[in-house]
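# Working through the structure, step by step
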Amino acid sequence: MKTIVEIIKEKLLEYSKKDGYDRWNNHIKYVFQNAQELAMKRNADMEICELAALFHDMSMVAEFGPKEEHPKYGAQMAHSILTELGYPKEKTELVEKCVLHHSTDWNGSRDTMEEKIIADADAIAHFDKIPGLFYLAYAKRKLPLEEGTEFVKNKLIGDYNKLSPQSQKELKERFDNIMRVLFVN
Ligand SMILES: [Fe+2]
Ligand SMILES: [Fe+2]
């Protein structure tokens, strides 16, 4: 029998096929791996973290609702899909909260360890796929060289600054190395 995580992953990959941009290979798979790693390190609920990682950007992949509000629409998707599959209500609510609060734009609190993990896992994923940020700057936004460089630099600094103190500490050496290699003044 398939696990709930396997079922949701299949659903996500199904949506991915229809979407032109391969969000799984370019982003979500890293968020998923980071969430697993952090759940292990922080003794959090692995299944909640895995599910929330799969759901966190799913509304964009499924093209459900406006992109700017993807956490809200993603939480709605998590609610209806997990409820339909008979997943326990309390756990479903935890997943929804993680999805709703994952974005760096979220200025409210993150009360559970799992919410903090998904926000961190999402931001750290940008460090796992830096070429993706350059692609966004130059290919998608068509920025000139200097502006594109600034865009990527500011994005990485912003992501780093919004990490939980614990993740900042763990990522510090890698962050410093990346900045040193990419941005020589
Ligand atoms: Fe997101
Ligand atoms: Fe994301």
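Relevant structure appears above.
An account of the accompanying structure is given in this report. (Residues numbered from 1 in each chain as written. Chains lettered and ligands numbered in written order. Predicted model: local features only at pLDDT ≥ 70, side-chain atom pairs only at ≥ 80, totals over all residues.)

### Some thoughts on unusual backbone geometry
Applied cut-off: The secondary structure listing takes helices from DSSP runs of H or I that are at least 4 residues long and strands from runs of E that are at least 2 residues long, numbered from the N terminus. Between the buried cut of 20 or more and the exposed cut of 12 or fewer other C-beta atoms within 10 Å of a residue's own C-beta lies the partly exposed class, and all C-beta atoms are placed from the backbone.
The residue asparagine 43 is not glycine, and still its phi comes out positive at about 60°. By secondary structure assignment, the location of asparagine 43 is in the loop between α2 (23–41) and α3 (46–55). Classification of asparagine 43 as exposed rests on a count of 8 C-beta atoms within 10 Å. One non-glycine residue, lysine 142, lies in positive phi territory at about 55°. Assignment of secondary structure puts lysine 142 in the loop between α8 (130–140) and α9 (145–161).

### Describing the packing of helix α7 (residues 113–128) against helix α10 (residues 165–182)
As a reminder, the rule being used: A fitted line through C-alpha atoms serves as each axis, taken over the contacting stretch for helices, and the angle formed by two N-to-C directions is quoted from 0 to 180°. To sort the angles, those under 35 degrees are grouped as roughly parallel, those over 145 as roughly antiparallel, those from 65 to 115 as roughly perpendicular, and the leftovers as oblique. A crossing counts as left-handed when the near helix is turned anticlockwise from the far one by less than a right angle, and as right-handed when that turn is clockwise. Any residue pair is listed as a contact if its two C-beta atoms, each placed from the backbone, are within 7 Å.
At a closest axis distance of 11 Å, the pairing of α7 and α10 adopts a crossing angle of 15°. By the angle class used here, α7 and α10 are roughly parallel. Here α7 runs over α10; the crossing is left-handed. Residues Asp120, Ile124 and Phe127 of α7 lie in contact with α10, whose contacting residues are Ser167, Leu171, Arg174 and Ile178.

### Section: the environment of arginine 42
Tracing the backbone through its elements, the reader meets arginine 42 in the loop between α2 and α3. Owing to 16 C-beta atoms within 10 Å, arginine 42 belongs among the partly exposed residues under this scheme. Taking C-alpha positions, arginine 42 is 9.9 Å from glutamine 166, a pair spaced 124 residues apart along the chain. Residue contacts for arginine 42: discarding those within four places in its chain leaves Met113 and Ile117.

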